[in-house]
Structure formats: structure tokens, C-alpha cells
Amino acid sequence: MIESLLVVNRGEIARRIIRTAKRLGVRAVAVHSEADAGLPFVTEADEAVCVGPANPAQSYRNVEAVLAAAKSTGAQAIHPGYGFLSENADFAQAVTSSGLLWVGPGPEAITAMGDKINARNLMAAAGVPVAAGTTEPAADLTAAVDAAAEIGYPVMVKAAAGGGGMGMGIANDEAALRTEYDKVRAFAERMFGDGSVLIERYFPRVRHVEVQILGLADGRVVALGERECSVQRRNQKLVEESPSPAVTPELRSRLLAAAVRAGEAVGYRNAGTVECLLDPTTGEFFFLEMNTRLQVEHPVTELVYGVDLVEEQLRVAAGLPPTFDPDALAPRGHAVELRINAEDPKRFLPGPGVITTWTEPTGEGVRVDSGYVAGNTVTPFYDSLMAKLIVSGVDRAEAISRARAAVAQFQLAGPKNNLPFFVELLDNPEFLSGDYDTGIVPRMR
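Here the structure is a predicted model, which means the values were calculated and not measured. (Residues numbered from 1 in each chain as written. Predicted model: local features only at pLDDT ≥ 70, side-chain atom pairs only at ≥ 80, totals over all residues. Heavy atoms only, no water.)

Caption draft 1: Here's a closer look at unusual backbone geometry. Going from Tyr 153 to Pro 154, the amide bond is cis rather than trans, its omega being 0°. Summarising the element assignment, Pro 154 is placed in the loop between helix 7 (141-151) and strand 6 (155-159). A cis amide bond, omega -5°, links Ser 242 with the succeeding residue Pro 243. Tracing the backbone shows Pro 243 in the loop between strand 11 (236-242) and helix 9 (249-265). Not every positive phi belongs to a glycine, and Phe 348 is a case in point at roughly 60°. Along the chain, the position of Phe 348 falls in the loop between strand 14 (334-341) and strand 15 (353-354). Residue class for Phe 348 comes out buried when judged on its relative accessible area of 5%. (Helix = DSSP H or I, 4+ residues; strand = E, 2+ residues; numbered from the N terminus. Buried < 20%, exposed > 50% of the residue type's maximum accessible area, 1.4 Å probe, protein only.)

Spelled out as C-alpha cells, the structure:
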């Protein structure tokens, strides 16, 4: 096993990685910004290094500072968590070129799946279902209009280099397309340094379902079930559950097989997620994108499959076999994750501040992955995620019942937070029925 690990992240995911590292006897080293010096992940690490000021570009995304921290602390491997440098192929290459182990897929796989158009084309060639769309960037507005006419409205206008729900627009007709194309292109150039835009079929009613894959050290790719991620605001997830209430055994078989093919097509190693759109009317599913990293919502898979995905990531990076039998994977029970954010529960606008009260719920089937404690400050410099409340049960009804009780127990004051939204959601008839789609949050508002 790896002996020492540098964690290049912050908050709840840094704490979560450190927890597994220490359980395995791996020395955990944290990097942090000046703004995060007082957060729990810094004190819980065996060693911590400040790599710069609050601005992520000068700290968590500062490749030179991060590599210098690895060298000065004698770290053997680097785990990037999610966000920041986690899907940066150049960083992955820099890590391995420095003689360190990279806890993630190789830079070739990151590059192959990082461009949405290239990824779509690769998946289509591998036999993974792909929705109708452009096979190369729409070079200008005329090309976009022609593509939309061939695909049929409505269409999604999407930044090829985008991610995290950013850089997307919906056009129901040509007039809207002309507006959205310019808007998305300008946003993509500003945010990603790449103005490439693709046009693809848009589904007015759709579910967002993803598959957790793991590329093993021996070259095999396995799938650890699916997650339902349709409760979203502004195309960003708020709730995930596993298994998906929309997926039948027959559909699950096809979905998981397609995800494995996707991983095999790029020689995938380590943890990754194949995201798909599911048409609830026809049962068709289509490849959306592949996230070449550990997902925020990985805990629901851990609870349903009884694995520690961070441990499995470390084992793959070290060339070790998994702790489980790849031929005997089977889900057990149900799990739901709620993202506790520092944002108002109505419009979901960020609301940072000092945490004056923080008491986490406890009880059977309740897990909290948090990044803060009372007295910490949620700053405006980073994502608003404060904690993940993950609740499991023997079935969906029990998991939701326990989630309802856990939300009621969670005592949080200071920053604005979205706990009241979850109170509303967990009593919402549409959500309780399991027959919901990505439009559920707008319908609640």
C-alpha cells in the first residue's frame, strides 16, 4: 500500500480521503490556502502545508506549489479529490513525471474524455448510445443553425470543454439558438479558455442517471451500480440516490454494460463515472459525459455496495487487487445523499458566513461527510458545499424516512443553508413516488 499521500483538496472531500488514509496506516498530508487554515481537514492531517492565498488559482490549482509541497513532505502519491486539478491532464502528467503516484486515471483518459465532442465520438464508436448531435464543433452560427435543423428542436447548446452544469443553454427555435450560441461561446471562452460549442438533442423531460465504474490494476473495468441524480438546481445536483427508482433490472444490465464499454474504450484505470440521460417515456438512455475522478456523490454507492471507493482508488494506484470480488458485486438496500450547501433554500444563492451552531445528526444508517465545525467560516472563495448527509436503509422508504429524521436533527446556524428545502423535498409526493425528473426543483418553486 502507498505509505504517504498528499491530498490536493479541501473541506469535506479532503477530510473523507484523510479518514480512509489514516485507517489504512497511510500518512496523510494536506495542502491548504490561507483562508482554510482553521478548517478540520488541516488539523486532522498528519502534516499540512499552506500553498497560497484564498484564490484557488494561487493555492489549490497552483501546480508548482502543490508539487513543491509533495517534495518537501516526502509524499509518495497525490489524490486530487474532485474539482480543482482533479481532471487536469497536464497536472496528472506532471505528477507522474515527478516520480509520484497519481490516484486517478491516466492523463490520456482524462484528455480523451475532457472534450465533450471527442468523448461523444469515442463512445459512439464503442457502441455506447449517444443522443443525436454534432460530431465536431459548430464553427459558427450558420453551422449551429444547420445542425439544429437536422437534429430537430429543442436543442442543447453546450460548451465542449464545460462541466459541472456550466456552459449550457436550451434553444426551442432558431431565434433562441442565435442568442444561446453567442452566450455559450462567450462563456466557454471566458471560463474554459475554449469557445468550442456542440449542438445536441434536448430532452424536455429526462432523468439524470450515472454509473460508477472502477478500472482495476489488472486492466478490467467493473461497474458498481447506478445513481439517480435528477434533483438539480441550475443543472447542478442537490440529491442523489442508489439504486435509481427508474431503473429496472433489464435496463440496469444494459446501462452497466454500456458504462463498462465506455471505460474499456479509453483503457480506464481508477474511479470514474459515466453520466447518462434517461428518457423515462421510452427507457432509452444516452451517454452525456464521463467524469474522470471521484464524484461528490460516491458515498451512496459505498453504502449500497459495501466498499470504500477511496481505498479502492489507492489500491489501483498501488497496483493492488480490489478488496471485493469483481464477479460478485450486488447492491444491498438503498441510500440517499443530500448536499448541505451554504445557500438560501428558495433561490439557491450563496450565503457564506460564520457557523455559530453545528450539530450533526446520528442514528442507524446515518453518515455525515462534513467539512466544517462550529466556529468555522464559510467563505465566498469556494463551492458552497458544507456537508453531505447520507442515509441508508433496507429499502427506499426506510432510507427516506431516516433522511427525514436526520434533516430534522441537523442543527445549523450562521450561514444561510438549504436544510428547509430538504424538509420540503422529502415530503414532496412526486419525489416520494420515485417518478420524477430533472424538472422537479423548478416545479417545486
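Caption draft 2: Seen up close, the nonpolar core. Within the largest apolar cluster, 96 residues are counted, with the highest numbers of intra-cluster contacts made by Ile 78, Val 231 and Ile 340. Of the residues forming this core, the biggest block, six residues, is contributed by strand 19 (residues 385-393). Not counting residues within four places of it along the chain, the set of residues in contact with Val 231 comprises Gln 236, Lys 237, Leu 238, Val 239, Phe 421, Leu 425, Phe 431, Tyr 436, Ile 440 and Val 441. In terms of nonpolar packing, the next biggest core, distinct from the first, is built from 27 residues, Val 247, Leu 255, Tyr 268 and Leu 278 among them. (Core = buried A, V, L, I, M, F, W, Y, C linked by side-chain atoms within 4.5 Å. Contact = heavy atoms within 4.5 Å.)

Caption draft 3: Representation of the pairing of strand 2 (residues 27-33). Judged by how many residues are buried, strand 2 sits mostly within the fold: six of seven residues are covered. Here strand 1 (residues 4-7) runs beside strand 2; their pairing, made up of four bridges, is parallel. Of the residues in strand 2, the one forming a bridge with Leu 5 is Ala 28. In this view, the connection linking strand 1 to its parallel neighbour strand 2 by way of helix 1 (residues 11-23) has right-handed handedness. (Pairing = 2+ DSSP bridges. Right-handed = clockwise from strand over helix to strand, strands pointing away.)

Caption draft 4: Looking closely at the sheet that holds strand 8 (residues 197-201). Spatial strand order, 7-6-8: three strands in an open sheet with antiparallel pairing. Only two strands of the sheet have a single neighbouring strand rather than two, namely strand 7 (168-171) and strand 8. Put simply, the sheet's adjacent strands are angled 25° from each other on average, direction ignored. As defined by bridge partners, strand 6 adjoins strand 7 across four bridges and the pair is classed as antiparallel. Its bridge partner lying in strand 7, Val 157 is registered against Gly 169. Packing against the sheet, helix 7 makes contact with strand 6 and strand 8, and its axis sits at approximately 15° to strand 8. Strand contacts of helix 8 (residues 174-192): strand 6, strand 7 and strand 8, with the helix running at about 20° to strand 6, the strand carrying the most contacts. (Axes fitted to C-alpha atoms, helices over the stretch in contact; angles between N-to-C directions.)

Caption draft 5: Summary view of helix 1. Here helix 1 spans 19 Å end to end across 13 residues, near enough to the 18 Å set by a 1.5 Å rise per residue. Taking burial as the measure, the 13 residues of helix 1 include ten buried ones, the bulk of the element. Positive backbone phi, approximately 80°, marks Gly 25, located one or two places after helix 1. (Expected span 1.5 Å × (residues − 1).)

Caption draft 6: Main features of the packing of helix 1 against helix 11 (residues 309-317). Helix 11 packs onto helix 1 with a crossing angle of 65° between their chain directions and a minimal axis gap of 9 Å. Once helix 1 is placed against helix 11, the crossing between them reads as right-handed. Contacts between helix 1 and helix 11 pair Arg 16, Ile 17, Thr 20 and Arg 23 from the former with Leu 309, Val 310 and Glu 311 from the latter. Residue composition of the contact of helix 1 with helix 11, by class: three nonpolar, one polar and three charged. (Left-handed = near helix turned anticlockwise from the far one by under 90°. Nonpolar A, V, L, I, M, F, W, Y, C, P; charged D, E, K, R; others polar.)

Caption draft 7: Layout of the side chain of Asn 270. The topology assignment puts Asn 270 in strand 12 (residues 270-278). A distance of 3.0 Å separates a polar atom in the side chain of Asn 270 from a polar atom in the side chain of Gln 313. If near-sequence neighbours (up to four positions away) are discounted, Asn 270 is found in contact with Val 103, Gly 104, Pro 105, Ile 213, Leu 214, Gly 215, Gln 313, Val 316 and Ala 317. (Polar contact = N/O pair within 3.5 Å; in protein donor to acceptor, adjacent residues only side chain to side chain.)

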